[in-house]
Amino acid sequence: MIQPHALRLTQGDDLKASVLAYVKANSIKAGSLLSCAGCLTTARIRLADESKSLTLDGPLEILTLSGTLTADHVHLHISVADKEGRVFGGHLMDGNLVSYTAEICLLSFTEQHFSREYDAATGFDELVVDNNTKFI
């Protein structure tokens, strides 16, 4: 089954840490972040080459936020626009601070279990999907 969730973050909340705290508090074992509308004072984003990151000072509008949720980890990608409309995006790191609000919608998949295991081919902890888990 699919269970919808919604939450609102406020000024000063860390976007990534707050989503992970919500996942843990609600015992979400498998999920997906669907949308986020809001703004940031600071954005910290790892770029696609995996070795570089950006720190951007706001005001910044959140254009997209999506990713997978496991019981102990959130893997999220974000795109933000600055006050000139320039868009930046990549892997969400810790330290993305909400300026006014962040309205988040996510889903949990109650009959699945997501986890992460090290993959030697990629060098990262990658998603493992267990479709046979039944939670009662």
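Residues numbered from 1 in each chain as written. Predicted model: local features only at pLDDT ≥ 70, side-chain atom pairs only at ≥ 80, totals over all residues. Heavy atoms only, no water.

Glancing now at the overall build of the chain. Each helix and strand counted, the chain has one helix and eight strands in total. Secondary structure elements of the chain, listed N to C terminal, follow the sequence β-α-β-β-β-β-β-β-β. A compact globule built from 136 residues would reach a C-alpha radius of gyration of about 14 Å, and the chain, at 15 Å, matches this within 12%. Its C-alpha atoms put the chain at 50 × 35 × 20 Å along the principal axes. (Helix = DSSP H or I, 4+ residues; strand = E, 2+ residues; numbered from the N terminus. Rg over C-alpha atoms; globule rule 2.2 N^0.38 Å.)

What follows is about the nonpolar core. By size, the foremost hydrophobic cluster in this structure holds 26 residues, and its most contacted members are Leu15, Val19, Leu40, Leu65, Leu76, Ile78 and Ile104. Secondary-structure elements contributing two or more residues to this core are β1 (2-10), α1 (15-25), β2 (30-46), β3 (53-70), β4 (74-81) and β6 (97-109). Those residues in contact with Ile104, other than ones at most four positions away along the chain, are His5, Ala6, Leu7, Leu9, Leu15, Val19, Leu33, Ser35 and Cys36. (Core = buried A, V, L, I, M, F, W, Y, C linked by side-chain atoms within 4.5 Å. Buried < 20%, exposed > 50% of the residue type's maximum accessible area, 1.4 Å probe, protein only. Contact = heavy atoms within 4.5 Å.)

The next subject is the pattern of salt bridges. Counting across every chain of the model gives two salt bridges. Put simply, Arg86 and Asp82 hold a salt bridge, and the shortest N to O gap is 2.7 Å. Looking at Arg86, the relative accessible area reads 48%, which means it is partly exposed. Residue classification places Asp82 among the buried residues on the basis of a relative accessible area of 14%. (Salt bridge = Lys/Arg side-chain N within 4 Å of Asp/Glu carboxyl O.)

What follows concerns α1. Taken together, the buried positions of α1 are Leu15, Lys16, Ser18, Val19, Tyr22 and Val23. One face of α1 carries all of its buried residues, which in axial projection span an arc of 165°. Elements in contact with the buried residues of α1: β1, β2, β3, β4, β5 (87-92) and β6. For α1, the side-chain oxygen to backbone nitrogen distance between the N-cap and Lys16 is 3.2 Å, and the N-cap itself is Asp14. Positive backbone phi, approximately 50°, marks Ser27, located one or two places after α1. (Arc of directions from axis to C-beta. Polar contact = N/O pair within 3.5 Å; in protein donor to acceptor, adjacent residues only side chain to side chain.)

Looking now at the packing of aromatic side chains. According to the stated counting rule, one finds one aromatic pair in the structure shown. Arranged with centres 6.1 Å apart and planes meeting at 50°, the rings of Phe109 and Phe114 form a pair that is tilted. (Phe/Tyr/Trp six-rings, centres within 6.5 Å; stacked < 30°, edge-to-face > 60°.)

Mapped onto the present numbering, the UniProt feature "domain: PPC" (unreviewed entry) falls on residues 1-130. As annotated, residues 1-130 comprises 8% helix and 65% strand, and the C-alpha atoms at either end are separated by 14 Å. (UniProt positions renumbered as here; feature names shortened; annotations may be inferred.)

For the rest of this paragraph, the subject is the environment of Leu69. Inspection of the secondary structure assignment puts Leu69 in strand β3. For Leu69, the residues in contact, after removing those within four places along its chain, are Val19, Val23, Lys29, Ala30, Gly31, Ser32, Leu33, Val74, Leu76, Leu106, Leu107 and Phe114.

By the bridge criterion, nine bridges tie β1 to β6 in an arrangement that is antiparallel. Among the inter-strand pairings, Ile2 is bridged to a residue of β6, identified as Phe109. Across nine bridges, β2 lies against β6 in antiparallel orientation. Pairing of Thr42 across the sheet is with Leu97, part of β6. (Pairing = 2+ DSSP bridges.)

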